[in-house]
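Read off the chains here:
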Amino acid sequence: MKSKRDNRAVDADMILAQVKNKVKKNNYERKTIHFSDVQTRHSFASDIMNRSFDLEQFKINLLKMGDDRNIAVFQNQLTENKMSAKVKVFVKQILYRLMRFYVQPIAESQSRYNEECLQAIVQLYAMIEQEQQKEIDSLKDRLNKLETDRKGKTCG
């Protein structure tokens, strides 16, 4: 039995001509396609590209990641007093027990990976803080030197 889709013919030449017309109309060249010309479902990528670095937000995100790094495979199911809810929980528990041998190692592996990634990112955060502190100390030393040089010139 043929599907509805099989009955429709695709005219590749017409589609190619439409694309070529659009390229010509927008004066595109092979080298000059910009991200702003590409439509996406979400503006997440463009949002990230336009942000400046914020160390405080980075720290907040790290704390959130720390809370979410472990995957809870089996979560206690809260039930209402309705019989249908209790049956659903019972069925879910049976399914979990049947699939545990397969799901548990995957979840544990993902949790370990999440922990390792979090530790790496925490190290990056520590490095950034350390570099900022070095820069602050360097600027303080420079300021102190300039102040002492200025005082020496005005006193002498």
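Described below are features of the structure shown in this document. (Residues numbered from 1 in each chain as written. Predicted model: local features only at pLDDT ≥ 70, side-chain atom pairs only at ≥ 80, totals over all residues. Heavy atoms only, no water.)

Right, let's get into the side chain of Ser111. Relative to the elements of secondary structure, Ser111 occurs in helix H4 (residues 83-155). Given a relative accessible area of 10%, Ser111 falls into the buried group. Sequence-distant contacts of Ser111, defined by excluding residues within four places in its chain, comprise Arg69, Asn70 and Ile71. (Helix = DSSP H or I, 4+ residues; strand = E, 2+ residues; numbered from the N terminus. Buried < 20%, exposed > 50% of the residue type's maximum accessible area, 1.4 Å probe, protein only. Contact = heavy atoms within 4.5 Å.)

Next up on the list: the side chain of Asn114. Tracing the chain through its elements places Asn114 in helix H4. A polar contact is formed between the side chain of Asn114 and the backbone oxygen of Arg69, at a distance of 3.0 Å. In contact with Asn114, other than residues within four places in its own chain, are Arg69 and Ile71. (Polar contact = N/O pair within 3.5 Å; in protein donor to acceptor, adjacent residues only side chain to side chain.)

Here helix H1 (residues 12-25) contains 14 residues, and its C-alpha end-to-end distance of 20 Å stays within 8% of the 20 Å for a straight helix at 1.5 Å per residue. Phi turns positive one or two residues past the end of H1, at Asn27, with a value near 55 degrees. (Expected span 1.5 Å × (residues − 1).)

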